[in-house]
Every structure is written in C-alpha cells, then in structure tokens.
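# Coordinates in review
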Amino acid sequence: QVQLVESGGGLVQPGGSLRLSCAASGNIFSTDVMGWYRQAAGKQRELVAQIDSGGSTYYDNSVKGRFTISRDNAKNTVSLQSSSLKPEDTAVYFCNVWRRLIDGSNVKFWGQGTQVTVSS
C-alpha cells in the first residue's frame, strides 16, 4: 500500500505562484509513475502532470510552460511548482501514484487533496 500526503495549497492571486508537495509512504517502485491531478467544482478529475523515476514528464496543454513537476526518488516525494496562475487553475489538487501490476493491470493511489484557489 501507498499513502500520499499533500501540502502547499492555498489562496493565491492571479499571476502568482504556488508549490505543492506530496510525500509518499510505503513502497514506491522505480516503475511507478507519480503525478498530480486536479478537480474543479462540478468537473471531472483531470491529469495535470506526471513524472517517471527517470525524470520523463508529461504536462496537460493547459499548464505547459507554467507548471513544473519534479520528483525525488530517494525521498519518495513529488512536487508541482506552478506559476502565472489563472483563476481557471482553481481546483482540488490530488497527488497520485500509478502502478502497473505484474498481471498487466494497474492501480492508482491517491492523496486526500489540497485546495488551490486563484482569486483576487
């Protein structure tokens, strides 16, 4: 099992920056992909960014050039540095670990979420 705890959410003005952090406890494997999702009120949860243990990243088009995901494999942490924040970035942000199982299926672990509100 994996437990994920996020921190760093809050209220920020448009154009501002925020750093989200996520600490994972339990076994994190080198094949696990860590990432961040977000869910705005009344909308589906969506993938924001992902990173594998080798440092390869994926970003949703809506955050490219504004958000940076990073991972510390030794500490089992993943962070999301956001800048040039927009009101539409307002959402609950969830830390995630995606794991492929030996039978080819996959499992996702989730944090409890942290609220990010972008407003003046």
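Everything in this summary refers to the structure shown in the same document. What you see is a predicted model; the values in this text were computed from it and never measured. (Residues numbered from 1 in each chain as written. Predicted model: local features only at pLDDT ≥ 70, side-chain atom pairs only at ≥ 80, totals over all residues. Heavy atoms only, no water.)

## Observations concerning the pairing of strand 11 (residues 114-118)
- Residues Thr 114, Val 116 and Val 118 of strand 11 are buried on one face, while the alternating residues Gln 115 and Thr 117, pointing to the opposite face, are not.
- By the bridge criterion, 3 bridges tie strand 2 (residues 10-12) to strand 11 in an arrangement that is parallel. Pairing of Val 12 across the sheet is with Val 118, part of strand 11.
- Both strand 9 (residues 91-100) and strand 11 contribute to a ladder of 3 bridges, which runs antiparallel. Bridge pairing in strand 11 links Tyr 93 to Thr 114. (Buried < 20%, exposed > 50% of the residue type's maximum accessible area, 1.4 Å probe, protein only. Helix = DSSP H or I, 4+ residues; strand = E, 2+ residues; numbered from the N terminus. Pairing = 2+ DSSP bridges.)

## Focus on the state of the cysteines
- Applying the stated rule across the entire model yields 1 disulfide.
- Through a disulfide, Cys 22 is tied to Cys 95; the S-S separation comes to 2.0 Å. Taking the sign of the torsion about the S-S bond as the criterion, the disulfide between Cys 22 and Cys 95, at about -85°, is left-handed. In this pair, Cys 22 sits in strand 3 (residues 18-26) while Cys 95 sits in strand 9, placing the two residues 73 residues apart along the sequence. Note on accessibility: Cys 22 and Cys 95 belong to one class, buried. (Disulfide = S-S within 2.5 Å.)

## A look at the packing of aromatic side chains
- With the rule as written, the count across this model stands at 2 aromatic pairs.
- Both rings, one in Tyr 37 and one in Trp 110, keep their centres 4.9 Å apart while their planes meet at 70°; by these two values the pair is edge-to-face. One end of the pair, Tyr 37, is in strand 4 (residues 33-39); the other, Trp 110, is in strand 10 (residues 106-110), with 73 residues separating them in the sequence.
- A residue is classified by how much of its surface remains accessible, and Trp 110, at 31% relative accessible area, is partly exposed.
- Summarising the aromatic geometry, the rings of Phe 94 and Trp 110 are spaced 6.4 Å apart at their centres and angled 90° between planes, so their arrangement reads as edge-to-face. Here Phe 94, found in strand 9, pairs with Trp 110, found in strand 10; they are 16 residues apart in sequence, far enough to count as distant.
- Note on Phe 94: relative accessible area 10%, which makes it buried.
- Aromatic ring contacts, followed pair by pair, group Tyr 37, Phe 94 and Trp 110 into a single cluster.
- Cation over ring: Arg 45 sits above Phe 94, and NZ or CZ is 3.7 Å from the ring centre.
- Lying across the ring of Trp 110, Arg 45 places its NZ or CZ 4.5 Å from the centre. (Phe/Tyr/Trp six-rings, centres within 6.5 Å; stacked < 30°, edge-to-face > 60°. Lys NZ or Arg CZ within 6 Å of the ring centre and 35° of its normal.)

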